[in-house]
Amino acid sequence: MSTTTTLPAWQLSDRDLTTRLLTTQRQQNVAYAAQLETIRELEARGALPEGYTSTSAYLATILHVTLREARARIAQATGTLPLTWKALSAGEITAQHAAVIAEFLADAPRWLTPEDYTVAEDTLVTLAAQANPSVVRRAATRLKIYWDNDPADVPGSPDLDHGLDPDSVPDAGSDSDSGSRREEAARPWREFRWQWTQTGRFRFSGNVDHETGTLIEQLLVPLAAPDPATTPDTPDPRTPSERHGDALAAIVDLAARTPDLPAKAGERAVATVTVDLETLRSTAKTVVAEDESVLSAAGLRRILCDAKVYPAVLGTEGQVLDLGRSARTATNAQRRALAIRDRGCTFPGCDRSPKWTTPHHIVHWAHGGPTDLDNLASCCERHHRLLHHSGWKIVLRDQAVHWIPPSILDPEQKPLRNTAHNPPPAPLGHSPRQAARPRPAPAPPPSAAAS
């Protein structure tokens, strides 16, 4: 037996402390999979001692957990989650990951085919192996939004079961509903209320539509960033709300005296939407914008009537072609190309969008690295700092950024590619005219001991 597992922690080296942390976490994951397997067998047999009316009540009593937690574990144990079971039994994901995935897939639309269901589970399990449960939950939320905006939901499509009583929601094809949608698009609901206080302060409140809110956010974020510290002991003393107040004042001042716009991650505020020509021409399809909002193709065409359009030249495999320049800092064109290629921070499991990132030279400029796309990678501030002050390294393979962990985290140092920005998997066999097929019956989970 390794001394890493037998010695008291105070006798371990710094490196062995990390090794034990990783080992014990994997053991916890495997043990949880074994417990779920036991719960599944207990539920299947109905082997409850006398005096207990349900498996959940029995588990809550003997495991000292809440009734809600007991029910959640039963749902995980009895659900159709073969890929989740496999990863959990191998120790690759945690109990929290399994809970998030099980909860999400339990509410998946019933029109999904078995293939769609498997692709969705695989997407979340792959992300769970490199990200924390909060990131996986956000990815699941994006997938749900994508499903809820499926092209089959457009007016005129047959009624599909999304877990709602058809009599409890308005008819999607009714004239009143489509008319209200057109009216909302033509005249968005915006409110702004203001007043002067007795002390001479200008107080305001209100709300705006999504498009206007997105524009406001893009203007506020770069201007509300903390000021750089003049010395290590003097960081920006302003609170976040004070920084946003100063940002708003700067925007109003600029609007009053000049047409110039503030910068967003080094260039003027822009929204990036990657869409093929066929989708743009379609009237039924939807597209996902940089901020994960869902737009109809018609709505996108309307927005483009009064927006700057930046074409991106793609190669045969969909990669962004080189837009590099011989300069130390990336150009605006390169930043836009990075936003399309990387979709945000490239660190495994990080879901920060492009507006939170800066270009990083894979081979440092001082070491002869050029400022070309093949030598640039998008990193958020936190992971940019990690890259410069830890053993992580970056390589570009097949137009995709891979991070190589330090040997203390992975002795084999396998390259990792971030999947947090991957677009939601499109339904494989679903079409507006196709009936949903039944899902396969739950298969018994693999034995945790076998791993």
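Reading the values: rules and limits
Residues numbered from 1 in each chain as written. Predicted model: local features only at pLDDT ≥ 70, side-chain atom pairs only at ≥ 80, totals over all residues. Heavy atoms only, no water. Salt bridge = Lys/Arg side-chain N within 4 Å of Asp/Glu carboxyl O. Helix = DSSP H or I, 4+ residues; strand = E, 2+ residues; numbered from the N terminus. Buried < 20%, exposed > 50% of the residue type's maximum accessible area, 1.4 Å probe, protein only. Pairing = 2+ DSSP bridges. pLDDT = per-residue confidence, 0-100. Contact = heavy atoms within 4.5 Å. Axes fitted to C-alpha atoms, helices over the stretch in contact; angles between N-to-C directions. Parallel < 35°, antiparallel > 145°, perpendicular 65-115°, else oblique. Nonpolar A, V, L, I, M, F, W, Y, C, P; charged D, E, K, R; others polar. Expected span 1.5 Å × (residues − 1). Arc of directions from axis to C-beta.

This model, assessed by the stated rule, comprises nine salt bridges. Measuring nitrogen to oxygen at the nearest pair gives 2.5 Å for the salt bridge that ties Arg138 to Asp351. Of this pair, Arg138 sits in helix α8 (residues 133-148) while Asp351 sits in the loop between α14 (332-342) and β7 (357-361), and the two are 213 residues apart along the sequence. On the basis of relative accessibility, which here comes to 41%, the residue Arg138 falls in the partly exposed class. The class for Asp351 is buried, based on a relative accessible area of 16%.

In the sheet, strand β1 (residues 191-196) pairs with strand β2 (residues 202-207) via six bridges, with the strands oriented antiparallel. Bridge assignment links Trp196 to a residue of β2, and that residue is Phe202. Between β1 and β2, which pair antiparallel in sequence order, lie five residues; one of them, Gly200, sits at a positive phi of approximately 85°.

Averaged over the protein, the pLDDT score is 75; the fraction of residues at 70 or greater is 66%. Of all the helices and strands in the protein, strand β4 (residues 267-268) carries the lowest mean pLDDT, 48, while strand β10 (residues 400-404) carries the highest, 94. Contacts for the low-pLDDT stretch residues 151-177, under 50 throughout, to residues beyond four places or in other chains number 28 contacts. A low-confidence stretch, residues 430-437 stays under pLDDT 50, and its non-local contacts, those more than four residues away or across chains, total 17 contacts.

Okay, the packing of helix α2 (residues 14-45) against helix α5 (residues 82-89) next. α5 packs onto α2 with a crossing angle of 135° between their chain directions and a minimal axis gap of 7 Å. The angle between α2 and α5 places the two elements in the oblique class. Of α5, the residues touching α2 (which contributes Asn29, Val30, Tyr32, Ala33, Leu36, Glu37 and Arg40) are Trp85, Leu88 and Ser89. Here the residues of the contact of α2 with α5 sort into six nonpolar, two polar and two charged.

Turning to helix α4 (residues 67-78), a few remarks are in order. Between its first and last C-alpha atoms α4 spans 17 Å; for twelve residues at 1.5 Å apiece the expected length is 16 Å, and the two agree. Listed in full, the buried residues belonging to α4 are Ala70, Arg73, Ile74, Gln76 and Ala77. Projected onto a plane normal to the axis of α4, the buried residues spread over an arc of 160° and lie on a single side. Exposed residues on α4 whose side chains face more than 90 degrees from its buried face are Arg68 and Arg71.

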